[in-house]
Amino acid sequence: MIFVGVGSNIPARGYSSPKTTIEAAIKAFDAFGIAIIKVSKFYMTSPVPSSNQPWFVNCVVHVSTKLN
């Protein structure tokens, strides 16, 4: 079993939010030979250590691959 934690608190250029950035990253997995089995719900976490940064949007992706 392979699980990948994915998170962002700032949108990448061309994306409207951290969540849309993460969704685009997950869609790109297939181009690298990584198949998506399941994606958890998205959840928010505060930055650590505590700061004035925006909160993070996170999820966990269950994947499968033949890569080493």
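The coordinates are above.
Q: Would you explain the pattern of salt bridges in this entry?
A: Close approach of charged atoms allows side chains with opposite charge to pair. Counted according to the given criterion, the structure contains one salt bridge. A salt bridge links Glu23 to Lys19; the nearest nitrogen and oxygen atoms lie 4.0 Å apart. Linking Glu23 with Lys19, this pair stays in helix H1 (residues 18-28), spanning four residues, or about one helical turn. According to the relative accessible area criterion, Lys19 is partly exposed, its value standing at 38%.

Q: Explain the pairing of strand S4 (residues 56-65) here, please?
A: Two faces, one strand: in a regular strand the side chains alternate between the faces of the sheet. As judged from the seven bridges shared by strand S1 (residues 2-8) and S4, these two strands associate in the antiparallel manner. Across the sheet, residue Ile2 finds its bridge partner in S4, namely Val63. Of the strand pairs in this sheet, strand S2 (residues 34-39) and S4 are connected by five bridges, and their pairing is antiparallel. When the sheet's bridge partners are listed, Lys38 is paired in S4 with His62. Inspection of the sheet shows strand S3 (residues 43-45) paired to S4 by three bridges, in the antiparallel sense. Note on S4: the bridge partner recorded for Met44 is Val57.

Q: Explanation requested: the environment of His62 in the structure shown.
A: Tracing the backbone through its elements, the reader meets His62 in strand S4. Of the residues examined, His62 reaches a relative accessible area of 18% and is grouped as buried. Through-space distance from the C-alpha of His62 to that of Ser51 is 30 Å; in sequence the pair is eleven residues apart. Apart from the residues lying within four places of it in its own chain, the contact partners of His62 are Met1, Ile2, Phe3, Ala35, Ile36, Ile37 and Lys38.

Parameters and conventions
- Residues numbered from 1 in each chain as written.
- Predicted model: local features only at pLDDT ≥ 70, side-chain atom pairs only at ≥ 80, totals over all residues.
- Heavy atoms only, no water.
- Salt bridge = Lys/Arg side-chain N within 4 Å of Asp/Glu carboxyl O.
- Helix = DSSP H or I, 4+ residues; strand = E, 2+ residues; numbered from the N terminus.
- Buried < 20%, exposed > 50% of the residue type's maximum accessible area, 1.4 Å probe, protein only.
- Pairing = 2+ DSSP bridges.
- Contact = heavy atoms within 4.5 Å.

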